[in-house]
Amino acid sequence: MMYLRLLVAFVLISPCACLAQGEFYLENDWARKIIESYDGTYLISGHIEEQGLGGFLTKVQPNGEVLWEIKLDDTPGQGQINPTQLLSDSLGNIYIAGQTYHYDGYGSIFIIKFNSCGELDWLRIGDYPGYWDTVHALQFAENGDILLACDQTYGVIDQGTEEGFPVGKIRMTRMNSNGDTIWYNKFYPNGCGSCLHERLISTKDNGALISVQDYIPFEGPLDNYIRSIITKFNEDGEVEWTHIFGLEEEIYGYATSIVELKSGNIVAVFYKMSSSSSNDYQPYYYKLNKNGELLDHFLLDFDTSLYYLAYALDLPNDSIIVMSLSPKEPSSSEYHFILASIDTSGNILETYVDSANYTLQKYLSITDNNDVLVALIEKMGSDTDIKVKRINPQTMALVDFPPSISDYDYLCPYPVDSYNFNLKTSSLSIEKGVAVQSWPNPATEGFYIRWRGTNLKGELNFSLYDLNGLQIESKTFKADSPEQWINTSHITTGVYVWHLEYQGEIITKKKIVISK
């Protein structure tokens, strides 16, 4: 069994439990997303349910062996961090976003960019006092910008005031890769009284599609019913069209996921809720044209004696859509996992079934060779475990894991270490009560170091060494001057180690790459 539980600053690791080729267990609390990294390994993000243990970003071999891990926290000992979204680009940069409770007692959003070596590039906090914000989507736009969608599910500011956001609305943001906001949009769908986001995708025209659900009072079989709203944005954040589904198609349910086909048409899966049971959902296939007009809809050909929850669609290629479902018997409380492939007309092609009980996850990930990665949450006694699977969408068979990758992290000139990252201080490490940050890395003309700690007095000593232990540079700084520039213009290209010493103790030790 692999243990990823984090106690303060320590990572406890033992061999993973490999079930069969193509799947393995990791013991943890809650995996939100899994993606393939640039080097063929996997990145997994999520949060640990126990109070005070925060979130995590873990890099593993395809067989489950942990390579390194970053613990995410905001207030030492409280750990109020919930990472919900994870992306990685072709350069290996990692973007992780979610919710932090530190700033006003309500949820605030965060997005962090780490480089391929797990080092901080930038951190952005979206704090809207009095509102509960949750990041529910993070996507790359067609041109590489970052698209982010957040729910504001409740707040203390009165609805309708100009300075505040009404409860149950969606915020959309577009950022560049440097974390600069390009535009920001308050999203108010027509008729949306208490909207919750379901899915965001980028479109081929550099815009975006978003699906949300809304509870609308209606006199019928149900006192209230859920309507599905799909909205198309252009690249400037302006709404091109909004289509509200539900009553006309006799669907008491919601759209959980959407994909854009090569033709520009849109496929969504809606879930119809029976009037006799709030747990009885059946999956419906919807096809829209590029203007949001309904072309077709029908019940997908699954076993209608089961109740379904289903959350994810994705496109491994132009002819196959993969779809996750979580069916259960009406009398049972246990769900299981189905991955189905359907063609673009809604015909079911193949299915993969895992009958073990687990907690449903909303996200699929497609690897570079078009396999499907999923991280399931499965109950094993009193523990909660991540069950990772890699599945071929053509055959719906588990894919044999490749051998352990020996050249992982090949973009990094030095080994990557596990560490703590604290959002409150925007720091890479907190050691001996002092938070220390350095940037950029690699450096050319020099780099900054910054420290922060309580009751720091006197002086700190800085030293720079080559890998043979030869001291290259030494400086003394006043403790109350917490940001310093280290000039490296006279130092040759290479990998070096620097440390910061306070009152005779080394409080941090880091590698720095100098590149001319």
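Residues numbered from 1 in each chain as written. Predicted model: local features only at pLDDT ≥ 70, side-chain atom pairs only at ≥ 80, totals over all residues. Heavy atoms only, no water.

### Let's talk about the overall build of the chain
- Counting secondary structure elements, the chain contains zero helices and 42 strands.
- Expressed as a percentage of its 516 residues, the buried residues of the chain come to 58%.
- Across the chain, every contact between residues at least 6 apart in sequence was considered, and the portion connecting residues at least 24 apart equals 51%.
- With the model as given, the accessible surface of the chain reaches about 21300 Å², and the carbon-plus-sulfur share is 47%. (Helix = DSSP H or I, 4+ residues; strand = E, 2+ residues; numbered from the N terminus. Buried < 20%, exposed > 50% of the residue type's maximum accessible area, 1.4 Å probe, protein only. Contact = heavy atoms within 4.5 Å. Areas by Shrake-Rupley, 256 points an atom, 1.4 Å probe, with all protein chains shown as cover.)

### Some details on the state of the cysteines
- The full count for this structure, using the stated rule, is one disulfide.
- Each sulfur in the disulfide pair Cys117 and Cys412 lies 2.2 Å from the other. Taking the sign of the S-S torsion, -125° for the link of Cys117 and Cys412, the bridge is left-handed. Note that Cys117 is positioned in the loop between strand S11 (108–114) and strand S12 (120–126) and Cys412 in the loop between strand S33 (397–398) and strand S34 (419–422), a separation of 295 residues in sequence. In this pair, the class of Cys117 matches that of Cys412, namely buried. (Disulfide = S-S within 2.5 Å.)

### Examining the packing of aromatic side chains
- One pass over the full model with this rule turns up nine aromatic pairs.
- For the ring pair Tyr448 and Trp485, a centre distance of 4.9 Å and an interplane angle of 65° mean the geometry is edge-to-face. Separated by 37 residues along the polypeptide, Tyr448 in strand S37 (residues 446–453) and Trp485 in strand S40 (residues 483–487) bring together distant segments of the chain.
- On the accessibility criterion, Tyr448 (32% relative accessible area) is partly exposed.
- Using a relative accessible area of 40% as the deciding quantity, one classes Trp485 as partly exposed.
- One aromatic cluster is present, formed by Phe447, Phe462, Phe477 and Trp498 through successive ring pairs.
- Above the plane of the ring of Tyr363 lies Lys33, whose end atom (NZ or CZ) is 5.1 Å from the centre. (Phe/Tyr/Trp six-rings, centres within 6.5 Å; stacked < 30°, edge-to-face > 60°. Lys NZ or Arg CZ within 6 Å of the ring centre and 35° of its normal.)

### Remarks on the environment of Gln394
- Mapping Gln394 onto the fold places it in the loop between strand S32 (383–392) and S33.
- Residue class for Gln394 comes out partly exposed when judged on its relative accessible area of 46%.
- Placed 44 residues apart in sequence, Gln394 and Glu350 show a C-alpha to C-alpha distance of 7.6 Å.
- Once residues within four sequence positions are removed from consideration, Gln394 is found in contact with Asn317, Ile320 and Glu350.

### Quick word on the sheet that holds S34
- In space, the five strands of this open sheet follow the order S5-S6-S7-S8-S34, with mixed pairing throughout. Edge positions in the sheet fall to strand S5 (30–36) and S34, since each of these pairs with one other strand and no more. Across this sheet, the average inter-strand angle for adjacent strands is 20°, counted without regard to direction.
- As paired elements, S5 and strand S6 (residues 42–47) share six bridges and run antiparallel to each other. Bridging from a neighbouring strand, Trp30 pairs with His47 of S6. (Pairing = 2+ DSSP bridges. Axes fitted to C-alpha atoms, helices over the stretch in contact; angles between N-to-C directions.)

### Some words on the pattern of salt bridges
- According to the stated counting rule, one finds 14 salt bridges in the structure shown.
- Residue Glu36 is joined to Arg390 by a salt bridge in which the shortest nitrogen-to-oxygen separation is 3.8 Å. Of the two residues, Glu36 sits in strand S5 while Arg390 sits in strand S32, which places them 354 residues apart along the sequence.
- A residue is classified by how much of its surface remains accessible, and Glu36, at 18% relative accessible area, is buried. (Salt bridge = Lys/Arg side-chain N within 4 Å of Asp/Glu carboxyl O.)

### Topic: the side chain of Thr203
- Position of Thr203 among the secondary structure elements: in the loop between strand S17 (196–202) and strand S18 (208–217).
- Using a relative accessible area of 1% as the deciding quantity, one classes Thr203 as buried.

### Notes on the sheet that holds S11
- If you trace the four strands from one edge of the open sheet to the other, you get S9-S10-S11-S12, paired in antiparallel fashion. Looking at which strands have only one partner, the edges of the open sheet turn out to be strand S9 (81–88) and S12. Strand-to-strand twist across the sheet, computed as the mean angle between neighbouring axes with direction ignored, equals 15°.
- Two elements, S11 and S12, share six bridges in a ladder whose sense is antiparallel. Opposite Lys113, over in S12, you have Trp122 as the bridge partner.

### Some details on the nonpolar core
- Leu57, Ile70, Leu72, Ile112, Phe114 and Phe421 are the most contacted members of the largest nonpolar core, which totals 22 residues.
- If you list the elements that add at least two residues to this core, you get strand S8 (66–73), S9, strand S10 (94–100), S11, S12 and S34.
- Looking at which element gives the most residues to this core, the answer is S8, with four residues.
- The contacts of Ile112, once residues within four sequence positions are left out, are Leu72, Ile94, Tyr95, Ile96, Leu120, Trp122, Leu123, Phe421 and Leu423. (Core = buried A, V, L, I, M, F, W, Y, C linked by side-chain atoms within 4.5 Å.)

### Quick word on the environment of Asp400
- Looking at the secondary structure, you find Asp400 in the loop between S33 and S34.
- C-alpha of Asp400 to C-alpha of Gly22: the two residues are 378 residues apart in sequence and 4.9 Å apart in space.

### With respect to the confidence of the model for the chain
- Per-residue confidence for the chain gives a mean pLDDT of 77; residues scoring 70 or more make up 73%.
- Throughout residues 427–431 the model reports pLDDT below 50, and contacts reaching past four residues in sequence, or to other chains, amount to 25 contacts. (pLDDT = per-residue confidence, 0-100.)

### Digging into unusual backbone geometry
- You will see that Asn206, though not glycine, has its phi angle at about 75°, which is positive.
- Along the polypeptide, Asn206 turns up in the loop between S17 and S18.

### Considerations on the environment of Ala141
- Tracing the chain through its elements places Ala141 in the loop between strand S13 (131–140) and strand S14 (146–155).
- When the C-alpha atoms of Ala141 and Asn206 are compared, they prove to be 5.8 Å apart, with 65 residues separating the residues in sequence.
- Once residues lying within four places of it in the same chain are set aside, the contact partners of Ala141 are Leu147, Arg174, Ser202 and Asn206.

### Here's the deal with the pairing of strand S38 (residues 459–466)
- Here S38 pairs with strand S39 (residues 471–478) via seven bridges, running antiparallel. What sits directly across from Tyr465, in S39, is Gln471.
- Following S38, the chain reverses through four residues before pairing antiparallel with S39; Gly469 in that reversal takes a positive phi of roughly 90°.
- Where S38 meets strand S41 (residues 494–502), seven bridges bridge the pair, whose relative direction is antiparallel. Within S41, the position partnered with Asp466 by the bridge is Tyr496.

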